[in-house]
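Here is how the chains run, residue by residue.
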Amino acid sequence: MIDQLDRKIVRWCCAAIVCAFSTCAIAADSTTLPAATTLRAAAGDRLLIGTAIMASHLREPAHARLLAGQFNAITGGNEFKPDALQKINGKFTFERADEIVSFARENRMQVIGHTLVWHNQSPKWLYEDAAGKPLARETALENMRRHITTVVTHFKGKVKGWDVVNEAISDGGNDYLRDTPARRAIGDDYVEKAFEFARNADPDVELYYNDYNIELPGKREKCVRLLRELKAKGLRVDAVGIQGHWQLKHPAAQVIEDAIRAFAAEGVKVHVTELDIDVLPRTRQGAEITDTEKEGANPYVAGLPADIAGAQGDRYRSLFEVFVKFPGVVTRITFWGSHDGNTWLNDWPVRGRTNHPLLWDRQLQPKPAFDGVIDVLNKPSGG
Ligand code: G3I
(Lines give C-alpha, C1' and ligand atoms only; values in the text may rest on other atoms or scores of the structure.)
Protein backbone atom coordinates (compact mmCIF):
# COMPACT_ATOMS: atom_id res chain seq x y z
CA MET A 1 0.00 0.00 0.00
CA ILE A 2 2.73 2.38 1.13
CA ASP A 3 4.81 1.16 -1.78
CA GLN A 4 2.02 1.88 -4.21
CA LEU A 5 1.50 5.32 -2.73
CA ASP A 6 5.25 5.97 -2.88
CA ARG A 7 5.38 4.96 -6.53
CA LYS A 8 2.45 7.27 -7.27
CA ILE A 9 4.20 10.15 -5.48
CA VAL A 10 7.42 9.45 -7.38
CA ARG A 11 5.49 9.42 -10.69
CA TRP A 12 3.74 12.71 -9.83
CA CYS A 13 7.04 14.26 -8.86
CA CYS A 14 8.71 13.09 -12.06
CA ALA A 15 5.80 14.39 -14.13
CA ALA A 16 5.92 17.70 -12.27
CA ILE A 17 9.68 18.01 -12.84
CA VAL A 18 9.37 17.19 -16.58
CA CYS A 19 6.51 19.63 -16.86
CA ALA A 20 8.45 22.36 -15.03
CA PHE A 21 11.47 21.80 -17.29
CA SER A 22 9.45 21.98 -20.51
CA THR A 23 7.66 25.10 -19.30
CA CYS A 24 11.07 26.61 -18.55
CA ALA A 25 12.29 25.60 -22.01
CA ILE A 26 9.30 27.24 -23.66
CA ALA A 27 9.71 30.31 -21.46
CA ALA A 28 13.44 30.43 -22.28
CA ASP A 29 12.67 30.13 -25.99
CA SER A 30 10.20 32.93 -26.00
CA THR A 31 12.46 35.11 -23.84
CA THR A 32 15.45 34.63 -26.10
CA LEU A 33 13.43 34.90 -29.30
CA PRO A 34 10.61 37.36 -28.70
CA ALA A 35 8.53 38.29 -31.73
CA ALA A 36 9.84 41.53 -33.22
CA THR A 37 7.49 44.46 -32.92
CA THR A 38 8.90 46.50 -35.81
CA LEU A 39 9.06 45.60 -39.46
CA ARG A 40 12.77 46.34 -39.69
CA ALA A 41 13.58 44.13 -36.68
CA ALA A 42 11.39 41.32 -38.00
CA ALA A 43 13.05 41.55 -41.42
CA GLY A 44 16.56 41.62 -39.91
CA ASP A 45 19.22 41.70 -42.58
CA ARG A 46 17.33 39.37 -44.93
CA LEU A 47 15.26 42.05 -46.54
CA LEU A 48 14.93 45.79 -46.97
CA ILE A 49 11.55 47.01 -45.78
CA GLY A 50 10.97 50.48 -47.09
CA THR A 51 8.48 53.28 -47.42
CA ALA A 52 8.06 56.31 -49.62
CA ILE A 53 8.26 59.57 -47.73
CA MET A 54 8.17 63.27 -48.36
CA ALA A 55 10.73 65.63 -46.81
CA SER A 56 7.84 67.39 -45.01
CA HIS A 57 7.14 64.19 -43.02
CA LEU A 58 10.45 64.64 -41.27
CA ARG A 59 9.00 67.73 -39.55
CA GLU A 60 6.14 65.64 -38.09
CA PRO A 61 7.80 64.20 -34.93
CA ALA A 62 5.50 61.21 -34.26
CA HIS A 63 5.46 60.29 -37.93
CA ALA A 64 9.24 60.62 -38.26
CA ARG A 65 9.67 58.36 -35.20
CA LEU A 66 7.44 55.77 -36.77
CA LEU A 67 9.39 55.89 -40.05
CA ALA A 68 12.76 55.54 -38.34
CA GLY A 69 11.55 52.82 -36.01
CA GLN A 70 9.80 50.65 -38.55
CA PHE A 71 11.72 50.87 -41.82
CA ASN A 72 15.27 50.26 -42.98
CA ALA A 73 14.87 51.84 -46.43
CA ILE A 74 13.25 54.98 -47.78
CA THR A 75 12.35 56.29 -51.21
CA GLY A 76 11.66 59.96 -51.81
CA GLY A 77 8.06 60.05 -53.04
CA ASN A 78 8.70 63.16 -55.14
CA GLU A 79 12.02 64.71 -54.10
CA PHE A 80 14.32 62.76 -56.44
CA LYS A 81 12.23 63.19 -59.58
CA PRO A 82 13.54 65.30 -62.48
CA ASP A 83 11.18 68.24 -61.82
CA ALA A 84 12.30 68.34 -58.19
CA LEU A 85 16.02 68.20 -58.95
CA GLN A 86 16.32 70.25 -62.15
CA LYS A 87 13.12 72.15 -62.86
CA ILE A 88 15.14 74.85 -64.60
CA ASN A 89 17.72 73.78 -67.15
CA GLY A 90 21.14 73.71 -65.45
CA LYS A 91 19.87 74.72 -61.98
CA PHE A 92 20.05 71.71 -59.68
CA THR A 93 18.11 71.82 -56.40
CA PHE A 94 19.17 69.01 -54.08
CA GLU A 95 18.09 70.45 -50.72
CA ARG A 96 14.93 68.43 -50.04
CA ALA A 97 16.41 65.19 -51.34
CA ASP A 98 19.50 65.83 -49.20
CA GLU A 99 17.26 66.17 -46.12
CA ILE A 100 15.92 62.68 -46.80
CA VAL A 101 19.46 61.33 -47.21
CA SER A 102 20.52 62.86 -43.85
CA PHE A 103 17.48 61.39 -42.08
CA ALA A 104 18.29 57.99 -43.56
CA ARG A 105 21.91 58.20 -42.44
CA GLU A 106 20.94 59.17 -38.90
CA ASN A 107 18.60 56.21 -38.71
CA ARG A 108 20.64 53.56 -40.56
CA MET A 109 18.27 53.38 -43.51
CA GLN A 110 19.08 52.78 -47.17
CA VAL A 111 17.95 55.39 -49.70
CA ILE A 112 16.41 54.43 -53.03
CA GLY A 113 16.53 57.06 -55.78
CA HIS A 114 13.24 57.48 -57.64
CA THR A 115 13.56 58.27 -60.56
CA LEU A 116 15.97 59.43 -63.29
CA VAL A 117 13.76 59.13 -66.37
CA TRP A 118 9.96 59.27 -66.30
CA HIS A 119 7.28 60.82 -68.51
CA ASN A 120 5.62 62.42 -65.45
CA GLN A 121 7.08 65.03 -63.12
CA SER A 122 9.81 65.86 -65.62
CA PRO A 123 10.36 69.40 -66.90
CA LYS A 124 9.30 69.84 -70.53
CA TRP A 125 12.61 71.39 -71.59
CA LEU A 126 14.41 68.04 -71.11
CA TYR A 127 12.95 66.52 -74.26
CA GLU A 128 10.76 69.18 -75.94
CA ASP A 129 11.18 72.68 -77.35
CA ALA A 130 9.05 75.65 -76.27
CA ALA A 131 6.40 74.74 -78.86
CA GLY A 132 6.13 71.19 -77.50
CA LYS A 133 8.00 69.64 -80.45
CA PRO A 134 10.55 66.87 -79.73
CA LEU A 135 14.11 68.19 -79.42
CA ALA A 136 16.76 66.95 -81.82
CA ARG A 137 18.06 63.55 -80.70
CA GLU A 138 21.54 64.82 -79.78
CA THR A 139 20.16 67.71 -77.71
CA ALA A 140 17.72 65.49 -75.84
CA LEU A 141 20.40 62.84 -75.26
CA GLU A 142 22.78 65.47 -73.89
CA ASN A 143 20.03 66.82 -71.57
CA MET A 144 19.36 63.31 -70.31
CA ARG A 145 23.06 62.51 -69.93
CA ARG A 146 23.72 65.69 -67.98
CA HIS A 147 20.72 65.17 -65.70
CA ILE A 148 21.60 61.56 -64.93
CA THR A 149 25.31 62.19 -64.53
CA THR A 150 24.92 65.19 -62.22
CA VAL A 151 22.25 63.56 -60.06
CA VAL A 152 23.88 60.13 -59.75
CA THR A 153 27.25 61.75 -59.01
CA HIS A 154 25.73 64.00 -56.32
CA PHE A 155 24.26 61.00 -54.49
CA LYS A 156 27.24 58.68 -55.00
CA GLY A 157 27.72 56.54 -51.87
CA LYS A 158 24.46 57.85 -50.41
CA VAL A 159 21.88 56.15 -52.60
CA LYS A 160 21.82 52.35 -52.79
CA GLY A 161 20.12 52.15 -56.15
CA TRP A 162 18.19 54.11 -58.75
CA ASP A 163 14.95 53.56 -60.58
CA VAL A 164 16.80 54.49 -63.75
CA VAL A 165 13.72 54.39 -65.96
CA ASN A 166 10.17 54.37 -64.66
CA GLU A 167 7.10 53.13 -66.55
CA ALA A 168 8.58 52.88 -70.07
CA ILE A 169 6.45 49.92 -71.14
CA SER A 170 3.18 50.48 -72.92
CA ASP A 171 -0.09 49.30 -71.37
CA GLY A 172 -1.69 48.77 -74.78
CA GLY A 173 -1.92 45.40 -76.50
CA ASN A 174 0.70 45.32 -79.23
CA ASP A 175 2.70 48.45 -78.48
CA TYR A 176 5.99 47.73 -76.77
CA LEU A 177 7.28 51.01 -75.38
CA ARG A 178 5.08 53.85 -74.17
CA ASP A 179 4.92 56.97 -76.31
CA THR A 180 6.81 59.51 -74.19
CA PRO A 181 8.62 62.82 -74.77
CA ALA A 182 12.01 61.11 -74.25
CA ARG A 183 11.21 58.37 -76.77
CA ARG A 184 9.86 60.84 -79.34
CA ALA A 185 13.05 62.91 -79.16
CA ILE A 186 15.67 60.18 -78.74
CA GLY A 187 14.13 56.97 -80.11
CA ASP A 188 13.56 53.53 -78.61
CA ASP A 189 17.14 53.34 -77.36
CA TYR A 190 16.47 56.07 -74.78
CA VAL A 191 16.02 53.33 -72.16
CA GLU A 192 19.40 51.74 -72.82
CA LYS A 193 21.06 55.16 -72.97
CA ALA A 194 19.67 55.96 -69.53
CA PHE A 195 21.12 52.75 -68.09
CA GLU A 196 24.44 53.45 -69.79
CA PHE A 197 24.66 57.02 -68.43
CA ALA A 198 23.75 55.88 -64.90
CA ARG A 199 26.32 53.07 -64.89
CA ASN A 200 29.01 55.40 -66.18
CA ALA A 201 28.24 57.99 -63.50
CA ASP A 202 28.55 55.45 -60.67
CA PRO A 203 29.58 51.89 -61.48
CA ASP A 204 28.80 50.83 -57.89
CA VAL A 205 25.22 52.03 -57.61
CA GLU A 206 22.41 49.53 -58.24
CA LEU A 207 20.27 50.08 -61.31
CA TYR A 208 16.56 49.23 -61.48
CA TYR A 209 13.76 49.17 -64.03
CA ASN A 210 10.48 50.09 -62.30
CA ASP A 211 6.90 49.79 -63.60
CA TYR A 212 3.28 49.01 -62.67
CA ASN A 213 1.20 46.03 -63.85
CA ILE A 214 4.31 44.20 -65.05
CA GLU A 215 3.14 41.25 -62.97
CA LEU A 216 0.26 40.82 -65.44
CA PRO A 217 0.80 38.55 -68.42
CA GLY A 218 1.18 40.81 -71.46
CA LYS A 219 3.10 43.60 -69.80
CA ARG A 220 5.21 40.97 -68.04
CA GLU A 221 6.44 39.55 -71.37
CA LYS A 222 7.28 43.05 -72.58
CA CYS A 223 9.32 43.61 -69.43
CA VAL A 224 11.20 40.34 -69.96
CA ARG A 225 11.89 41.48 -73.54
CA LEU A 226 13.26 44.79 -72.24
CA LEU A 227 15.54 43.02 -69.75
CA ARG A 228 16.88 40.77 -72.51
CA GLU A 229 17.48 43.67 -74.87
CA LEU A 230 19.37 45.62 -72.21
CA LYS A 231 21.45 42.58 -71.37
CA ALA A 232 22.20 41.96 -75.06
CA LYS A 233 23.59 45.52 -75.23
CA GLY A 234 25.96 44.70 -72.37
CA LEU A 235 24.00 46.77 -69.87
CA ARG A 236 23.38 45.87 -66.26
CA VAL A 237 19.98 45.83 -64.58
CA ASP A 238 20.21 44.75 -60.94
CA ALA A 239 16.53 44.53 -60.17
CA VAL A 240 13.07 44.88 -61.58
CA GLY A 241 10.72 46.93 -59.45
CA ILE A 242 7.13 45.71 -59.47
CA GLN A 243 5.28 48.74 -58.14
CA GLY A 244 2.50 46.79 -56.41
CA HIS A 245 -0.42 49.24 -56.46
CA TRP A 246 -2.87 46.46 -55.84
CA GLN A 247 -6.43 45.86 -54.69
CA LEU A 248 -8.06 43.52 -52.19
CA LYS A 249 -8.54 40.75 -54.72
CA HIS A 250 -6.64 41.79 -57.80
CA PRO A 251 -4.20 40.58 -59.01
CA ALA A 252 -4.22 37.03 -57.66
CA ALA A 253 -1.24 36.12 -55.49
CA GLN A 254 -0.42 33.35 -57.96
CA VAL A 255 -0.05 35.88 -60.79
CA ILE A 256 2.41 37.85 -58.68
CA GLU A 257 4.34 34.70 -57.79
CA ASP A 258 4.56 33.71 -61.48
CA ALA A 259 5.92 37.15 -62.37
CA ILE A 260 8.58 37.02 -59.64
CA ARG A 261 9.67 33.64 -61.00
CA ALA A 262 9.75 34.94 -64.58
CA PHE A 263 11.91 37.96 -63.69
CA ALA A 264 14.19 35.92 -61.44
CA ALA A 265 14.79 33.58 -64.40
CA GLU A 266 16.27 36.58 -66.24
CA GLY A 267 18.93 36.83 -63.52
CA VAL A 268 17.68 39.98 -61.81
CA LYS A 269 16.49 40.60 -58.26
CA VAL A 270 12.86 41.53 -57.78
CA HIS A 271 11.76 44.46 -55.63
CA VAL A 272 8.22 45.39 -54.71
CA THR A 273 8.61 49.13 -54.81
CA GLU A 274 5.31 50.96 -54.24
CA LEU A 275 3.09 48.55 -52.34
CA ASP A 276 -0.39 49.57 -51.24
CA ILE A 277 -3.78 47.84 -51.16
CA ASP A 278 -6.59 50.08 -52.39
CA VAL A 279 -9.90 49.37 -50.63
CA LEU A 280 -12.09 51.77 -52.62
CA PRO A 281 -13.99 51.12 -55.82
CA ARG A 282 -11.92 51.93 -58.92
CA THR A 283 -13.79 54.78 -60.52
CA ARG A 284 -12.78 56.23 -63.83
CA GLN A 285 -10.33 59.12 -63.67
CA GLY A 286 -10.86 62.74 -62.65
CA ALA A 287 -12.80 65.06 -64.90
CA GLU A 288 -14.67 62.26 -66.66
CA ILE A 289 -16.35 60.96 -63.54
CA THR A 290 -20.16 61.30 -63.42
CA ASP A 291 -22.22 62.24 -60.35
CA THR A 292 -23.62 58.71 -60.22
CA GLU A 293 -20.12 57.33 -60.18
CA LYS A 294 -19.14 59.73 -57.40
CA GLU A 295 -21.95 58.44 -55.20
CA GLY A 296 -20.79 55.32 -53.47
CA ALA A 297 -17.22 55.91 -54.58
CA ASN A 298 -16.14 57.06 -51.14
CA PRO A 299 -17.77 54.66 -48.67
CA TYR A 300 -15.28 54.69 -45.76
CA VAL A 301 -15.09 58.35 -44.78
CA ALA A 302 -15.98 57.53 -41.16
CA GLY A 303 -13.39 54.76 -40.94
CA LEU A 304 -12.56 51.37 -42.37
CA PRO A 305 -15.11 48.71 -41.29
CA ALA A 306 -13.58 45.84 -39.31
CA ASP A 307 -14.41 43.22 -41.94
CA ILE A 308 -12.67 45.18 -44.72
CA ALA A 309 -9.69 45.91 -42.46
CA GLY A 310 -9.50 42.17 -41.73
CA ALA A 311 -9.69 41.28 -45.42
CA GLN A 312 -6.92 43.76 -46.12
CA GLY A 313 -4.82 42.16 -43.36
CA ASP A 314 -5.36 38.74 -44.95
CA ARG A 315 -4.40 40.13 -48.35
CA TYR A 316 -1.14 41.62 -47.02
CA ARG A 317 -0.43 38.35 -45.22
CA SER A 318 -0.87 36.26 -48.36
CA LEU A 319 1.25 38.65 -50.43
CA PHE A 320 4.09 38.50 -47.92
CA GLU A 321 3.79 34.71 -47.85
CA VAL A 322 4.57 34.85 -51.57
CA PHE A 323 7.46 37.33 -51.16
CA VAL A 324 9.24 35.29 -48.50
CA LYS A 325 9.20 32.24 -50.75
CA PHE A 326 12.01 33.96 -52.67
CA PRO A 327 14.89 34.65 -50.28
CA GLY A 328 17.77 36.37 -52.05
CA VAL A 329 15.51 37.21 -55.01
CA VAL A 330 12.86 39.43 -53.46
CA THR A 331 15.30 41.61 -51.55
CA ARG A 332 13.24 44.76 -50.95
CA ILE A 333 9.62 45.53 -50.27
CA THR A 334 8.73 49.22 -50.15
CA PHE A 335 5.29 50.56 -49.23
CA TRP A 336 4.11 53.71 -51.02
CA GLY A 337 3.58 55.63 -47.80
CA SER A 338 3.17 54.72 -44.14
CA HIS A 339 -0.22 55.89 -42.81
CA ASP A 340 -3.57 56.25 -44.55
CA GLY A 341 -3.59 60.02 -44.17
CA ASN A 342 -0.73 60.54 -46.60
CA THR A 343 -1.42 58.13 -49.44
CA TRP A 344 -1.63 59.25 -53.07
CA LEU A 345 -4.76 57.06 -53.27
CA ASN A 346 -6.75 59.72 -51.39
CA ASP A 347 -6.44 61.73 -54.63
CA TRP A 348 -6.44 59.07 -57.34
CA PRO A 349 -8.29 58.28 -59.55
CA VAL A 350 -10.45 61.09 -58.15
CA ARG A 351 -9.47 63.79 -55.70
CA GLY A 352 -10.57 64.03 -52.09
CA ARG A 353 -11.56 60.49 -51.15
CA THR A 354 -10.78 58.71 -47.87
CA ASN A 355 -8.73 55.67 -48.73
CA HIS A 356 -7.11 53.20 -46.32
CA PRO A 357 -4.40 51.32 -48.24
CA LEU A 358 -1.49 51.25 -45.78
CA LEU A 359 -0.38 49.60 -42.52
CA TRP A 360 -1.18 52.43 -40.10
CA ASP A 361 -4.39 54.45 -39.81
CA ARG A 362 -4.63 58.25 -39.72
CA GLN A 363 -3.88 58.26 -35.98
CA LEU A 364 -0.71 56.23 -36.64
CA GLN A 365 -2.25 53.15 -35.07
CA PRO A 366 -1.27 49.81 -36.61
CA LYS A 367 -4.05 48.08 -38.57
CA PRO A 368 -4.67 44.37 -39.17
CA ALA A 369 -2.60 45.01 -42.31
CA PHE A 370 0.44 45.60 -40.07
CA ASP A 371 -0.25 42.36 -38.16
CA GLY A 372 -0.51 40.44 -41.42
CA VAL A 373 2.90 41.65 -42.56
CA ILE A 374 4.80 41.36 -39.31
CA ASP A 375 3.39 37.89 -38.54
CA VAL A 376 4.86 36.57 -41.78
CA LEU A 377 8.19 38.32 -41.21
CA ASN A 378 8.37 36.92 -37.68
CA LYS A 379 8.00 33.31 -38.82
CA PRO A 380 11.36 31.53 -38.65
CA SER A 381 11.09 30.52 -42.32
CA GLY A 382 10.06 34.03 -43.35
CA GLY A 383 12.56 35.18 -45.93
O1 G3I B 1 3.42 70.26 -53.97
C2 G3I B 1 2.17 70.66 -54.55
C3 G3I B 1 1.45 71.64 -53.65
O4 G3I B 1 2.21 72.82 -53.57
C5 G3I B 1 0.06 71.92 -54.23
O6 G3I B 1 -0.65 72.73 -53.34
C7 G3I B 1 -0.71 70.63 -54.43
C8 G3I B 1 -2.05 70.87 -55.10
O9 G3I B 1 -2.53 69.75 -55.76
O10 G3I B 1 0.05 69.77 -55.27
C11 G3I B 1 1.31 69.44 -54.72
O12 G3I B 1 1.98 68.59 -55.63
C13 G3I B 1 1.49 67.27 -55.70
C14 G3I B 1 2.64 66.33 -55.36
O15 G3I B 1 2.26 65.00 -55.56
C16 G3I B 1 3.11 66.49 -53.91
O17 G3I B 1 2.09 66.17 -53.03
C18 G3I B 1 1.02 67.04 -57.12
O19 G3I B 1 -0.16 67.81 -57.37
C20 G3I B 1 0.68 65.57 -57.29
O21 G3I B 1 0.39 65.32 -58.67
C22 G3I B 1 1.88 64.73 -56.89
O23 G3I B 1 1.47 63.37 -56.97
C24 G3I B 1 2.52 62.44 -56.97
C25 G3I B 1 2.36 61.53 -58.18
O26 G3I B 1 3.36 60.52 -58.14
C27 G3I B 1 2.49 62.33 -59.46
O28 G3I B 1 2.69 61.56 -60.55
C29 G3I B 1 2.41 61.62 -55.70
O30 G3I B 1 2.70 62.44 -54.57
C31 G3I B 1 3.41 60.46 -55.75
O32 G3I B 1 3.20 59.61 -54.65
C33 G3I B 1 3.17 59.67 -57.04
O34 G3I B 1 4.08 58.60 -57.10
C35 G3I B 1 3.99 57.75 -58.24
C36 G3I B 1 5.36 57.19 -58.48
O37 G3I B 1 6.29 58.24 -58.62
C38 G3I B 1 5.40 56.30 -59.72
N39 G3I B 1 4.39 55.25 -59.64
C40 G3I B 1 3.06 55.71 -59.35
C41 G3I B 1 3.04 56.55 -58.05
C42 G3I B 1 1.65 56.92 -57.66
O43 G3I B 1 1.08 57.77 -58.61
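Residues numbered from 1 in each chain as written. Predicted model: local features only at pLDDT ≥ 70, side-chain atom pairs only at ≥ 80, totals over all residues. Heavy atoms only, no water.

Moving on to the confidence of the model for the chain. Per-residue confidence for the chain averages 91 on the pLDDT scale, and 89% of its residues sit at or above 70. The model gives residues 1-31 a pLDDT under 50, and that stretch makes 0 contacts with residues more than four places away or in other chains. (pLDDT = per-residue confidence, 0-100. Contact = heavy atoms within 4.5 Å.)

Think of two packed helices as two axes; the pair is described by the angle between the axes and how far apart they sit. Following both chains from N to C, one finds helix H6 (residues 137-154) and helix H8 (residues 190-201) inclined at 35°, their axes separated by 9 Å at the closest point. The way H6 lies across H8 gives a crossing that is right-handed. Seen from H6, the contacting residues are Arg137, Leu141, Met144, Arg145, Ile148, Thr149, Val152 and Thr153; seen from H8, they are Tyr190, Lys193, Ala194, Phe197, Ala198 and Ala201. (Axes fitted to C-alpha atoms, helices over the stretch in contact; angles between N-to-C directions. Helix = DSSP H or I, 4+ residues; strand = E, 2+ residues; numbered from the N terminus. Left-handed = near helix turned anticlockwise from the far one by under 90°.)

On to unusual backbone geometry. Here the bond from His114 into Thr115 is cis, since omega is 10°, no more than 30 degrees from zero. For Thr115, the position within the fold is in strand E3 (residues 110-117). Omega for the bond connecting His250 with Pro251 falls within 30 degrees of zero, at -10°, which places this linkage in the cis form. Located in the positive-phi region is Leu364, a residue other than glycine, with phi close to 65°. Secondary-structure assignment places Leu364 in the loop between strand E9 (330-335) and helix H13 (368-378).

Turning our eyes to something else, we now look at the site of the ligand. The local shell around the ligand holds 15 residues, among which Asn78, Lys81, His114, Glu274 and Trp336 are the closest. For the ligand, an oxygen atom lies 3.0 Å from a polar atom in the side chain of Asn78. In this structure, Gln121 approaches the ligand through a side-chain N or O atom, which is 3.2 Å from an oxygen atom. Its free accessible area being 780 Å², the ligand has 50% of it covered by the protein chains. Here the residues of the shell around the ligand sort into 4 nonpolar, 7 polar and 4 charged. (Near = heavy atom within 4 Å. Polar contact = N/O pair within 3.5 Å; in protein donor to acceptor, adjacent residues only side chain to side chain. Areas by Shrake-Rupley, 256 points an atom, 1.4 Å probe, with all protein chains shown as cover. Nonpolar A, V, L, I, M, F, W, Y, C, P; charged D, E, K, R; others polar.)

This paragraph deals with the packing of aromatic side chains. Going through the model one piece at a time under the given rule, you end up with 12 aromatic pairs. For the ring pair Phe80 and Phe155, a centre distance of 5.1 Å and an interplane angle of 45° mean the geometry is tilted. Taken together, the residues span a long stretch of sequence, with Phe80 in the loop between strand E2 (73-76) and helix H4 (82-85) and Phe155 in the loop between H6 and strand E4 (161-166) at a distance of 75 residues. Of the two residues, Phe80 and Phe155, neither departs from the other in class, the shared state being buried. A ring pair is formed by Phe320 and Phe335, whose centres lie 6.0 Å apart and whose planes are at 10°; its orientation type is stacked. Note that Phe320 is positioned in helix H12 (residues 306-323) and Phe335 in strand E9, a separation of 15 residues in sequence. You can call Phe320 buried: its relative accessible area is 0%. For Phe335, a relative accessible area of 1% puts it in the buried group. Counting every residue linked through ring pairs, the aromatic cluster contains Phe71, Tyr316, Phe320, Phe323, Phe335, Trp360 and Phe370. (Phe/Tyr/Trp six-rings, centres within 6.5 Å; stacked < 30°, edge-to-face > 60°. Buried < 20%, exposed > 50% of the residue type's maximum accessible area, 1.4 Å probe, protein only.)

Tallied over the entire structure, the rule returns 24 salt bridges. Between Arg145 and Glu142 there is a salt bridge, with the nearest N and O atoms lying 2.9 Å from each other. Linking Arg145 with Glu142, this pair stays in helix H6, spanning 3 residues, or about one helical turn. We classify Arg145 as partly exposed; its relative accessible area is 30%. By relative accessible area, which is 35% here, Glu142 ends up partly exposed. Arg351 is paired through a salt bridge with Asp347; the nearest N and O atoms lie 3.9 Å apart. Connected via shared salt-bridge partners are Asp171, Arg178, Asp211 and Lys219. (Salt bridge = Lys/Arg side-chain N within 4 Å of Asp/Glu carboxyl O.)

E3 sits mainly inside the fold: 7 of its 8 residues count as buried. Summarising the sheet, E3 and E4 pair through 4 bridges and their orientation is parallel. Residue pairing for E4: Val117 is matched across the bridge by Val165. Where the polypeptide runs from E3 across H6 and back to E4, its parallel neighbour, the crossover connection is right-handed. (Pairing = 2+ DSSP bridges. Right-handed = clockwise from strand over helix to strand, strands pointing away.)

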